[in-house]
4 protein chains.
Amino acid sequence: MQLRTDLALEQKEMLEEERRLPPGVDSDEIQIGSVRVTRIKVKDEEGEKALGRKPGTYVTIEVPPFSDDAGMDENALAAVRRELAALLPDEGTVLVAGLGNTRITPDALGPKTAARILATRHITGEVARSAGLGDLRPVAVLAPGVLGQTGIETSEIIAGSVERIKPAAVVVVDALASRRLARLGCTVQISDTGIAPGAGVGNRRQEISEETLHVPVVSMGVPTVVDAGTLAYDLLGGEPPADRELTEPRGASMIVTPREIDLLVDRAAQLVAHAINCALQPGLDSETLLSLTDG
Amino acid sequence: MQLRTDLALEQKEMLEEERRLPPGVDSDEIQIGSVRVTRIKVKDEEGEKALGRKPGTYVTIEVPPFSDDAGMDENALAAVRRELAALLPDEGTVLVAGLGNTRITPDALGPKTAARILATRHITGEVARSAGLGDLRPVAVLAPGVLGQTGIETSEIIAGSVERIKPAAVVVVDALASRRLARLGCTVQISDTGIAPGAGVGNRRQEISEETLHVPVVSMGVPTVVDAGTLAYDLLGGEPPADRELTEPRGASMIVTPREIDLLVDRAAQLVAHAINCALQPGLDSETLLSLTDG
Amino acid sequence: MQLRTDLALEQKEMLEEERRLPPGVDSDEIQIGSVRVTRIKVKDEEGEKALGRKPGTYVTIEVPPFSDDAGMDENALAAVRRELAALLPDEGTVLVAGLGNTRITPDALGPKTAARILATRHITGEVARSAGLGDLRPVAVLAPGVLGQTGIETSEIIAGSVERIKPAAVVVVDALASRRLARLGCTVQISDTGIAPGAGVGNRRQEISEETLHVPVVSMGVPTVVDAGTLAYDLLGGEPPADRELTEPRGASMIVTPREIDLLVDRAAQLVAHAINCALQPGLDSETLLSLTDG
Amino acid sequence: MQLRTDLALEQKEMLEEERRLPPGVDSDEIQIGSVRVTRIKVKDEEGEKALGRKPGTYVTIEVPPFSDDAGMDENALAAVRRELAALLPDEGTVLVAGLGNTRITPDALGPKTAARILATRHITGEVARSAGLGDLRPVAVLAPGVLGQTGIETSEIIAGSVERIKPAAVVVVDALASRRLARLGCTVQISDTGIAPGAGVGNRRQEISEETLHVPVVSMGVPTVVDAGTLAYDLLGGEPPADRELTEPRGASMIVTPREIDLLVDRAAQLVAHAINCALQPGLDSETLLSLTDG
């Protein structure tokens, strides 16, 4: 029985519970209005071993929950945009890839985000300027689908396009699992380590990272589910649940999520996509970007 | 802290655990191939008090899980069709109403079922016969939406149409909550008592029943979620969970469901809709009905 | 062979071409920025006979095309809002009904509009005030579907709800056909005469009007298609096309529409819905209304 | 003013009208029940010049219209399957790519077809046999999106994946334009020449063919629209329409299509996808394939 989380923040918390945050892991935390930003750095092998995460930077942005009706939180948007921009090169084409399955709501964050990214790589400078958009950074967008639907590893499809369009960096967006219900839909994780096998909501994929693609890879995700087995383990104070069906009745993995999972995923995709658009097109204001992508 | 279930079968099981099945409740069970049918009759006030359910018949059909790829189970279809037909009058217009919210996947069973019901009330006998369909039973279909989207109680919309079209019976379809994960998507409950306030996935509605509509009302449902609080209660052996966020973090009710909730709801809607179509149009064979409704 | 248009404006234009605008029809026109508003009044039987329209007011608002990316036109919004408000009573519950078929894109304007209307009839004054929304006008919303899917005339479903909730007025929204391609998606017609049989994109329905519902009925529509037969007739200078298949090859009616019909319908629904919301909730500003309905 | 058609059959008809079918073009025609199959071979440069099509084979399968409710025509399915199989190698991985835009209904044939193709490349022989599926031919599936959404030429995305997975052949599916309304939705064109620039419903793309991908490329398409300018030209007996807005009012290209365009595209995608699945997996029967892909 294993606790399932894709959040480095939660892995750090587990270590802290056991009072053994090792020298190989650094962490700092800032609060801006209602938004808390935690930067965790896994510095070396010692840190990797302790946290179970590759060396690199893991930024967690905890924002007010998406479930209230007041629209996008400005502090949240600014924090996500800033933290993303800090991990990306300043120039060159960026490929944004939205991973996951459009037909499975809790797994649809990636394609729903991709559908809102402003693709610009095909727009000539002349066209952009005559449309009053100034200089656009070239952005390409993919929603490569999932292995079960394509028969091709997601990493292969992305690598094929990377070889062709030679971007300066890749941004991959995927749904995550967290340990805590309170984090669902209101936590954004950004990392420069790419996506490791086993990430996402229950699907194993080959690694998508700088090692495999040979360009910087920034991953972004929002937890949309808690694994039911993890919840049970926590409820039982560390005991695995006697009832084996909890985790795998007839082979289907069970999740805990808000009833309004569709709304949660839509709101999260809006925030992540808009933050990406703002980070990649600093010459355009927020409203212009919304009107160009609100399809 | 209360256990949440919409299945009379599970309420009976709770009573049996406590060895107090009262004289006011009868129950029999048959197994046909892979399908088990349990008929529970609440006979009087004593039974109502014990089971927390109005007097009437509650049929539970446990079918093989919908999640395998082999299409619709013939035994399951036959059982649902037969049990539904037994509770309906043999003649006269039937109004089928699919309750719930299309935008919330676990709550979309009703409208997804309604979208597959063959509406015939507007087809004249002559047209039907010249199309080779013989005599069709008049069927009307509504997907009235939910209070939050319409501002009108579902029961009011249905009552308004019942007054106009004066059907011989009403069939209401709604998503249910169960106590056991193993029942999600593979249990159909049929009852002649209508839908009581508080049924469905977390929404309270006014009663839709023979008392309020003055025609027989048959309710059909499939559990699509387990309430997270109920799961926790069971895991903890009857203790309410210490962690209050489990059930209502920031006001959102948490559910446990398979990751493939979209597929589960689609499959359940296909089975329920096809069983209704077969029960209402005994003169048409299964394939013809599928080709007429598979839009 | 008949010219097909749902726009009173185009019927007036036809009369003018023939220089026979009769005394029973009045018309005035104002231009506000990029928006032109034409008010046609059919005053009596003479006007009815000439225009083929019931006595009443027909307002046509010609707005810049929805197809550019710059978001909603403020002048257009203000004009639609003002003209609608002028035809509605100042107080009392309003029922908004979106007619048409969600599964047929050119016919989906009504349900897509309904999905964006803020339903408030179920919200108590106390709840609204504590949410900072002040006094809300009670609004109910229906998307009654189409006869082929429900087996019930749309007018019956609406009448059933009108009897129950007794609104002060009904607003019905439906897709229209126009004669001119240039009007598709960029013309809003508002009328106080309701919807007459045969309106909409090719479906005949029973009348929905003050005569049948006994409360004021305001109809709103946007042309989404030109009938292919009408286009041919115009191209041929008033000759019916020799090729009969043009209009009804194998029984399917042919339409002319922009390739981006999905986008046209979405944009039109956004404008119409937002204008309705603004007209019905004058106490809320535009942004608050958008954030409450942008789901 | 140019007549717009993607059907080689219609280009041949135009030549025949003018009695100048050149020696470089061969054609034969067979009728099987209600299905007519016309095979046109462009044999050399002379033929290419005459027909405006690259040398190769163009098969047109005219089937009964999809708009009746009786399900898929068996003769049509058999013909499409057989003609496709004749152009494909017998062994090796096949990549199926569905071109077009899911958000534009008349352009959605490709992605809607792709969504119904059985992807098998990731399924090991052992897994397939233990599931009773015998030996599966490896199939990969892509829905690469459109340039405006991705910023990447469709041909680049496909070429990137072809380099990675090295298929024995590629099948590309795309929506077509025809000259005749009667062909909409009931004509399937299959060709071994790939997709030339300018094909599809109004979008120009780079060529996707054996020359560019270095593996055999079979293209499949169904006409979903008639260009409004082409219709006008035909109606006027070869005169360009005086009214320039017909073709490009405010820049949007106008199309003629059945009002039920959504249904037409769904039905066409079902037929094309099922024919592809049957052609690629001859070891599985039709019903098994439907149950494996009917998501």
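Just so you know, the residues in each chain are numbered from 1, in the order the chain's sequence is written. In the order they appear in the text, chains get letters beginning with A and ligands get numbers beginning with 1. Given that the model is predicted, a residue must reach a pLDDT of at least 70 before its local features are reported, and side-chain atom pairs must reach 80 or more before they are shown or counted; all residues, however, enter totals for whole chains, interfaces and linings. The side-chain numbers reported here are obtained from all heavy atoms of the structure, hydrogens and water having been left aside.

Undergrad: Describe the packing of helix H10 (residues 261-280) of chain C against helix H11 (residues 286-293) of chain C, naming the residues involved and giving the relevant values.
TA: Residues and elements named next belong to chain C. In this description, a line fitted to the C-alpha atoms serves as the axis of each element, helices being fitted only across the stretch in contact, and the angle between N-to-C directions of two axes falls anywhere from 0 to 180 degrees. Every helix listed is a DSSP run of H or I at least four residues long, and every strand listed is a run of E at least two residues long, numbered separately from the N terminus. Running from amino to carboxyl end, H10 crosses H11 at an angle of 120 degrees, the nearest separation of the two axes being 10 Å. As far as their axial angle goes, H11 and H10 are oblique. Note on packing geometry: the crossing formed by H10 with H11 is right-handed. Contacts from His274, Asn277 and Cys278 of H10 reach H11 at Ser286, Leu289, Leu290 and Thr293. Roughly parallel means an angle under 35 degrees; roughly antiparallel, over 145; roughly perpendicular, 65 to 115; everything else is oblique. Left-handed describes a crossing in which the near helix is turned anticlockwise from the far one by less than a right angle; the clockwise case is right-handed. Note on definitions: a residue-residue contact is assigned when non-hydrogen atoms from the two residues lie within 4.5 Å.

Undergrad: How would you explain the side chain of Ser209(A) if you had to name every residue and give the values?
TA: All names here are of chain A. Here Ser209 is to be found in the loop between strand E7 (187-191) and helix H8 (210-213). Whenever two N or O atoms come within 3.5 Å, that pair is a polar contact, provided that in protein one can donate a hydrogen and the other can accept it, and provided that, for residues adjacent in sequence, both atoms are side-chain atoms. A distance of 2.7 Å separates a polar atom in the side chain of Ser209 from a polar atom in the side chain of Glu207. Sequence-distant contacts of Ser209, that is, excluding residues within four places in its chain, are made with Lys54, Thr193, Gly194, His214 and Val217.

Undergrad: Any chance you could break down the relation of the copies chain D and chain A for me, citing the residues and the numbers?
TA: Only residues with pLDDT of at least 70 in both copies count here: their C-alpha atoms drive the least-squares fit that superposes the copies. Superposing chain D onto chain A requires a rotation of 180 degrees together with a translation of 0.0 Å along the rotation axis, leaving an RMSD of 0.0 Å. Within this description, the copies of the chain are treated as partners about a two-fold rotation axis. Among all C-alpha atoms of chain D, that of Gly160(D) lies closest to the rotation axis, at 2.1 Å. Same-surface contact between copies: 100% of interface residues of chain D are shared with the interface of chain A.

Undergrad: I'd like a description of the interface of chain D and chain A, backed by residues and values.
TA: Many authors give the size of an interface as the accessible area that is lost as the parts come together. Across the boundary between the two partners, chain D contributes 25 residues, which contact 26 residues of chain A. Buried area: the sum, over both parts, of the accessible surface (1.4 Å probe) that disappears when the two are put together. For the pair chain D and chain A, the two sides together bury roughly 2100 Å², of which 48% comes from carbon and sulfur. Every case where a carboxyl oxygen of Asp or Glu lies within 4 Å of a side-chain nitrogen of Lys or Arg is listed as a salt bridge. Here chain D and chain A share 4 salt bridges between them. Where chain D meets chain A, there are 10 residue pairs in polar contact (both at pLDDT 80 or more). For the side of chain D that touches chain A, the elements supplying multiple residues, two or more each, are strand E5 (139-142), helix H6 (147-150) and helix H7 (154-165) of chain D. Counting residues per element, the side of chain D that touches chain A draws most heavily on H7(D), which supplies 8 residues.

Undergrad: Could you give me a rundown of a negative patch on the surface, with the residues and numbers involved?
TA: To count toward a patch, a residue needs a relative accessible area over 30% and no salt bridge; like charges are then connected within 9 Å, while nonpolar side chains (Val, Leu, Ile, Met, Phe, Trp, Tyr) are connected within 5 Å. Calculation of accessible area relied on Shrake-Rupley with a 1.4 Å probe; when residues are assessed, cover is drawn exclusively from the protein chains displayed. Just so you know, the count uses Lys and Arg for positive and Asp and Glu for negative, and it drops His and the chain ends. Just so you know, the charge point we use is NZ for Lys, CZ for Arg, CG for Asp and CD for Glu. Together, Asp285(A), Glu287(A), Asp285(C) and Glu287(C) line one region of the surface with negative charge. Within the secondary structure, Glu287(A) is located in helix H11 (residues 286-293). Burial classification: accessible surface area is computed with a 1.4 Å probe over protein chains only, and a residue below 20% of its type maximum counts as buried, one above 50% as exposed, and the rest as partly exposed. Glu287(A) sits in the exposed class, given a relative accessible area of 66%.

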